[in-house]
Amino acid sequence: MNTGTFRDPWLPRPPSFIPSSRPAYEVARVSDIIESPGKWNNEVVNQYFNVADAECILSIPLSLFNHEDSWFWHYTNHGSYFVGSGYNLAMTVDKFQPSSASDVFSLWWKQFWGLKIPRKILHFAWTGYHEILPTRNGLFRRNIASSTSCQLCGFGGESNAHAIFWCPVAQGIWNLMEFSFLHEVKEEIDFKNVLLYASEVVDREAFAKFIICSWAIWTERNKITHGQKIRQPQFVVEWIISYYESILSMKAGPKKSSQTNGRNREASAGSSTSAQEQRCGGILRR
């Protein structure tokens, strides 16, 4: 039984199906938290997992027999995948609100989804948080990639965090941005914890810009997959700044338009009043 405790989607809790607890080497596989056939190791589960994860894990019935793990599709009653169920899931993906382990995380996710940036960028950050971006590590596990090595720097373990934050190509871009706190974060920290840390040390506007920058780096990396050349860091940064400013102007646009319309209405009302006064004056003079 080789199901990874923190890397594989094995919990019956959509949308990520992955524990939200901090990964621990001691319980890297699900089999590490099973005491005997049909019985979870309650003590170990409660030691390494937060309350929400522990309750979810202990609610899963275990087989009394030793056999290989079996995978099932969560969104059908019979557990088998078919195209229709996948399509229905894709059509409702924007409605997903990630599960949280506590009220604190519920509030965090509410604020996250409330950021005034394009939904596709928020969804990118959400997939990175749950370690399901199609990086080499994930593709290798699915037998799609031949190795886990980063295509840009050759590092032997292209995780979500490496691709976006620690790869030298990504670092070349981050070094030109104002997010100095990345120098305080250790490279072994995953995408999720970098994102959480960023939300704590910068204000809301800067956090939105941080997510946009992360998405831009991911978009730039994907050019390699499509046989294109990636741009020099300074050009990527210029594009990020321009894109961010365009979002700010879009946010400010309706307000300016509303103010302008208000002034136009006042001017129009003033003209109408003057005309009415003239007409009334004419009537009075009669």
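Before reading further, recall that the structure is shown in the block above.
Residues numbered from 1 in each chain as written. Predicted model: local features only at pLDDT ≥ 70, side-chain atom pairs only at ≥ 80, totals over all residues. Heavy atoms only, no water.

Chemist: If you had to explain the overall build of the protein to someone new, which residues and values would you point to?
Modeler: A tally of helices and strands in the protein yields eleven helices and two strands. Listed by position from the N terminus, the elements making up the protein come as β-β-α-α-α-α-α-α-α-α-α-α-α. Put simply, the protein has 286 residues, and 37% of those count as buried. Sequence-distant contacts, at least 24 apart, represent 55% of the contacts inside the protein between residues at least 6 apart. (Helix = DSSP H or I, 4+ residues; strand = E, 2+ residues; numbered from the N terminus. Buried < 20%, exposed > 50% of the residue type's maximum accessible area, 1.4 Å probe, protein only. Contact = heavy atoms within 4.5 Å.)

Chemist: So what about the environment of Pro9? Which residues, and what values?
Modeler: In this fold, Pro9 is placed in the segment before strand 1 (34-36). On the accessibility criterion, Pro9 (43% relative accessible area) is partly exposed. Sequence separation between Pro9 and Trp71 is 62 residues, and the spatial gap between their C-alpha atoms is 9.6 Å. Not counting the four nearest positions on each side in its chain, Pro9 is found in contact with Ser16, Phe17, Ile18 and Trp71.

Chemist: Please set out the packing of helix 5 (residues 119-129) against helix 10 (residues 204-225) residue by residue, giving values where relevant.
Modeler: When two helices pack together, their arrangement is given by the angle between their axes and by how far apart the axes lie. Packing of helix 5 against helix 10 leaves a shortest axis separation of 9 Å and a crossing angle of 80°. Our classification of the angle between helix 5 and helix 10 gives roughly perpendicular. In this structure, helix 5 uses Lys120, Ile121, Phe124 and Ala125 to contact helix 10, whose residues at the interface are Ile211, Ile212, Ser214, Trp215 and Trp218. Classifying every residue of the contact of helix 5 with helix 10 by side-chain character gives seven nonpolar, one polar and one charged. (Axes fitted to C-alpha atoms, helices over the stretch in contact; angles between N-to-C directions. Parallel < 35°, antiparallel > 145°, perpendicular 65-115°, else oblique. Nonpolar A, V, L, I, M, F, W, Y, C, P; charged D, E, K, R; others polar.)

Chemist: Summarise the side chain of Thr135; cite the residues concerned and give the values.
Modeler: You can see Thr135 is positioned in the loop between helix 5 and helix 6 (136-141). Among the polar contacts listed, one links the side chain of Thr135 to the backbone oxygen of Glu158, at a separation of 3.2 Å. In this structure, Thr135 is in contact with Glu158, Ser159, Asn160, Ala163 and Trp218, ignoring residues within four places of it in sequence. (Polar contact = N/O pair within 3.5 Å; in protein donor to acceptor, adjacent residues only side chain to side chain.)

Chemist: Report on unusual backbone geometry, specifying residues and quantitative values.
Modeler: The backbone phi angle of Glu131 is positive, close to 55°, even though this residue is not glycine. Along the chain, Glu131 falls in the loop between helix 5 and helix 6.

Chemist: How would you explain the pattern of salt bridges if you had to name every residue and give the values?
Modeler: In this structure the tally under the stated criterion is seven salt bridges. We note a salt bridge from Lys209 to Glu178, for which the minimum N-O separation is 3.3 Å. One end of the pair, Lys209, is in helix 10; the other, Glu178, is in the loop between helix 8 (168-174) and helix 9 (191-201), and 31 residues separate them in sequence. When its relative accessible area of 14% is taken as the criterion, Lys209 is described as buried. Given the relative accessible area of 47%, Glu178 is considered partly exposed. For Lys223, the salt bridge is made with Glu220, and the minimal N-O distance between the two is 3.2 Å. On the criterion of helical spacing, the pair formed by Lys223 and Glu220 is a turn pair, its members being three residues apart in helix 10. Its relative accessible area of 19% is what places Lys223 among the buried residues. For Glu220, a relative accessible area of 5% translates into the label buried. (Salt bridge = Lys/Arg side-chain N within 4 Å of Asp/Glu carboxyl O.)

Chemist: Before we move on, can you summarise the packing of aromatic side chains with the specific residues and values?
Modeler: Tallied over the full model, the rule gives 23 aromatic pairs. When the centroid spacing of 5.8 Å and the interplanar angle of 75° are considered together, the rings of Trp174 and Phe179 count as edge-to-face. Looking at Trp174, the relative accessible area reads 3%, which means it is buried. Ring geometry for Trp239 versus Tyr243: centroids 5.0 Å apart, planes at 10°, classification stacked. Within this pair, Trp239 and its partner Tyr243 are both found in helix 11 (residues 233-285), separated by four residues, close to a single helical turn. When its relative accessible area of 18% is taken as the criterion, Tyr243 is described as buried. (Phe/Tyr/Trp six-rings, centres within 6.5 Å; stacked < 30°, edge-to-face > 60°.)

Chemist: Give a detailed account of the nonpolar core, specifying residues and quantitative values.
Modeler: It is characteristic of soluble globular proteins that their nonpolar side chains tend to be buried jointly. Phe112, Phe165, Trp174, Leu195, Phe207, Phe210 and Ile211 are the most contacted members of the largest nonpolar core, which totals 50 residues. Counting only elements with at least two residues in this core, the list comes to helix 4 (103-113), helix 5, helix 7 (160-166), helix 8, helix 9, helix 10 and helix 11. For this core, the leading source of residues is helix 10, giving eleven residues. With near-sequence residues (within four places) excluded, Phe210 lies in contact with Phe165, Trp174, Phe179, Phe181, Leu182, Val194, Leu195 and Ala198. Core analysis: the second largest hydrophobic core is formed by 15 residues, Val27, Val44, Ala54 and Ile57 among them. (Core = buried A, V, L, I, M, F, W, Y, C linked by side-chain atoms within 4.5 Å.)

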